[in-house]
Amino acid sequence: RCVILRCCPVNKYKSGHSNMSNIHLDSKGQTHQPETCVSLYWDWQNVRVNLDQAQGVLNFASCQGSLIIKKVYAYWRDEDPNFEKFLYELDFDCINVPSYQKNSVDNKLIANCKHEVLNNPNISTVILVSGDKDFLGLVRELKAKSKKIIIFAYQQVSKKLITLADKFYQIN
């Protein structure tokens, strides 16, 4: 058994601590390797799934480490409100991108991911639910910072994205 004293500040402005790190202390006072911090970014307009599949992706992500960021992006007015409600109940931040401009959702997801992941050295794994080639630059930048990248997508996915990822899982 371990007690987690500090874990993965998502935003140094929220926590008030900019240099927190994971410190695990067992009952004998011994420290242990920190748990992996994971962030999940989902392009809902690219990968829409049923409720069981959404739960499956979330369960997988939770098994990768401490899931500290869960965001799903769409223009929610155009989506089934039941899915948004379900994802919200799973504690996802449902990010509304109210624009019909091409790549609006992609651009918002990329900007948020860069800001949150690249400014938090504790995040070591990023799960991206999208097969869109527009994420190639983001994946390259994250890999350059030694982040592990896991991609979930349908069969029609950018082959370059699969090549860049550490792991790829096809959603059926």
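A quick note: this is a predicted structure, and the numbers were derived from the prediction, not measured. All residue numbers here refer to positions counted from 1 along the written sequence of the relevant chain. Where local features are concerned, this predicted model is filtered to residues with pLDDT of at least 70; where side-chain atom pairs are given and counted, the filter is 80 or more; whole-chain, interface and lining totals use all residues. Computation of side-chain values covers all heavy atoms of the structure but excludes hydrogens and water.

(A) Looking closely at the overall build of the protein. Put simply, DSSP H or I for four residues or longer makes a helix, DSSP E for two residues or longer makes a strand, and each gets a number counted from the N terminus. If you tally the helices and strands in the protein, you get six helices and nine strands. Relative to its 172 residues, the protein shows a buried fraction of 44%. Contacts are residue-level and defined by heavy atoms, with any inter-residue pair within 4.5 Å sufficient. Contacts in the protein between residues far apart in sequence, at least 24 positions, make up 59% of those at least 6 positions apart. When the accessible surface of the protein is totalled, it reaches about 9800 Å², and 47% of it is carbon and sulfur. Relative accessibility under 20% of the residue-type maximum defines a buried residue, over 50% an exposed one, and the middle range a partly exposed one, all with a 1.4 Å probe and only protein chains included. Each accessible area value is a Shrake-Rupley result obtained with a 1.4 Å probe; residue values ignore everything except the protein chains displayed when judging cover.

(B) Molecular detail of the sheet that holds strand β7 (residues 123-129). Pairing between strands is defined by DSSP: at least two bridges between the two strands are required. On the basis of which strands lie adjacent, the open sheet formed by six strands has the order β6-β5-β4-β7-β8-β9 and parallel pairing. Where the open sheet ends on each side, the last strands, each with one partner, are β6 (93-96) and β9 (167-170). Pairwise comparison of adjacent strand axes, ignoring direction, gives a mean angle of 20° for this sheet. Looking at chain direction, strand β4 (residues 37-43) and β7 are connected through six bridges and run parallel. Across the sheet, residue S39 finds its bridge partner in β7, namely V126. Convention adopted: a line fitted to C-alpha atoms gives each axis, helices being fitted over their contacting stretch, and angles between N-to-C directions are expressed from 0 to 180 degrees.

(C) Representation of the packing of helix α2 (residues 51-63) against helix α3 (residues 81-89). The interhelical angle for the contact between α2 and α3, taken along N-to-C directions, is 25°, at an axis separation of 11 Å. Between α2 and α3, the crossing angle belongs to the class labelled roughly parallel. Crossing of α2 over α3 shows right-handed handedness. On α3, the residues that touch L51, A54 and Q55 of α2 are F83, F86 and L87. A breakdown of the residues in the contact of α2 with α3 according to their chemical character gives five nonpolar, one polar and no charged. Angular relationships are summarised with four words: roughly parallel below 35 degrees, roughly antiparallel beyond 145, roughly perpendicular across 65 to 115, and oblique for the angles in between. Handedness of each helix crossing follows the sense of rotation of the near helix against the far helix: counterclockwise by less than a right angle gives left-handed, clockwise gives right-handed. Under the convention adopted here, Pro, Cys and the residues Ala, Val, Leu, Ile, Met, Phe, Trp and Tyr are nonpolar, Asp, Glu, Lys and Arg are charged, and Gly plus all remaining residues are polar.

(D) Fine view of the packing of helix α4 (residues 104-118) against helix α5 (residues 136-144). Running from N to C, α4 and α5 cross one another at 5°; their axes reach a closest spacing of 10 Å. With respect to their mutual orientation, α4 and α5 come out roughly parallel. Contact with α4, carried on its side by L109, I110, C113, K114, V117 and L118, involves L138, E141 and L142 of α5 and no other residues of that element. Split into classes, the residues belonging to the contact of α4 with α5 amount to seven nonpolar, no polar and two charged.

(E) Summary view of the pattern of salt bridges. Every case where a carboxyl oxygen of Asp or Glu lies within 4 Å of a side-chain nitrogen of Lys or Arg is listed as a salt bridge. Taken as a whole and judged by the stated rule, the model has six salt bridges. A salt bridge links D91 to K70; the nearest nitrogen and oxygen atoms lie 4.0 Å apart. Placement of D91 in the loop between α3 and β6 and of K70 in strand β5 (residues 66-74) is noted, with a sequence separation of 21 residues between them.

(F) Up close: the pairing of β7. Counting buried residues in β7 gives six out of seven residues, a clear majority hidden from the surface. Two strands pair when backbone bridges link them, and β7 and strand β8 (residues 148-153) are joined in this way by five bridges, in the parallel orientation. Bridge assignment links T125 to a residue of β8, and that residue is K148. Here a crossover is taken to be right-handed if, once the strands point away from the viewer, the path from the first strand over the helix to the second is traced clockwise. The parallel pair β7 and β8, bridged by α5, forms a crossover whose chirality is right-handed.

(G) Inspection of α4 at higher detail. Over its 15 residues, α4 runs 21 Å from end to end, which matches the ideal 21 Å to within 8%, given 1.5 Å per residue. Along α4, the residues that are buried comprise S104, V105, D106, L109, I110, N112, C113, E116 and V117. As for α4, its buried residues are in contact with β4, β5, β7 and α5. One less than the residue count of a helix, multiplied by 1.5 Å, gives the span that helix is expected to have.

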